[in-house]
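# Inside the fold
Next come the chains, spelled out residue by residue.
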Amino acid sequence: MQIDVKTLEPHLLVIEIVYAIENGYIKTWKTTANNGNVVLTKSTGFWKNYAFVRLIELDDRLLITFENTERMLNDKVKGIYLSEITEILLVHFNEYFITMETKYLNHKKLVMRN
């Protein structure tokens, strides 16, 4: 599960997200770095430090995906984290991107009903 954000300046979008979090405009998230990538996690409540999402800058997009950890994340956790990030992008950073798409790869066997 990931968010694919099409943007002309992915680095600028990352800078703005980090600035907003680190300067208290977005209060429920915190930033960290891992292997040169910006990583976000919830900073409050039940979901605090539960999962970590990585911001990956590409030429014309920003990919937001989950950092590999020892904790196995179910779809509920991923959905909660990605829905909150989607809301943040729509409310605070909509002038920095062209389109945003949440992608889900279903590894389960699909069931056909008659």
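One can find the structure itself at the top, above this paragraph.
Below or above, wherever it landed, is the structure these notes cover. (Residues numbered from 1 in each chain as written. Predicted model: local features only at pLDDT ≥ 70, side-chain atom pairs only at ≥ 80, totals over all residues. Heavy atoms only, no water.)

### Things to note about the sheet that holds strand 3 (residues 37–42)
The line we're drawing: At least two DSSP bridges between two strands are required for those strands to pair. Helix and strand definitions here come from DSSP, where helices need a minimum of 4 consecutive H or I residues and strands a minimum of 2 consecutive E residues; each element is numbered from the N-terminal end. The convention used is that axes are lines fitted to C-alpha atoms, helices contributing only their stretch in contact, and that angles between N-to-C directions extend from 0 to 180 degrees.
With respect to topology, six strands assemble into an open sheet ordered 2-3-4-5-1-6, the strand pairing being antiparallel. Lying at the two open borders of the sheet, with one neighbouring strand each, are strand 2 (29–34) and strand 6 (99–103). The average undirected angle you get between the axes of adjacent strands in this sheet is 25°. The sheet contact formed by strand 2 and strand 3 spans six bridges and is antiparallel. When the bridges of strand 3 are listed, alanine 33 appears paired with valine 38.

### A word on the pattern of salt bridges
The criterion, for reference: A pair is scored as a salt bridge if a Lys or Arg side-chain nitrogen falls within 4 Å of a carboxyl oxygen belonging to Asp or Glu. Under the scheme applied here, a residue whose accessible area is under 20% of the maximum for its type counts as buried, over 50% as exposed, and between as partly exposed, the area being computed with a 1.4 Å probe on protein chains only.
Inspection of the entire model under this criterion finds six salt bridges. The shortest N-O distance in the salt bridge between aspartate 4 and lysine 103 comes to 3.1 Å. Of this pair, aspartate 4 sits in strand 1 (residues 2–6) while lysine 103 sits in strand 6; the two residues are 99 residues apart in sequence, bridging distant segments of the chain. Here lysine 103 falls in the partly exposed class, since its relative accessible area comes to 33%.

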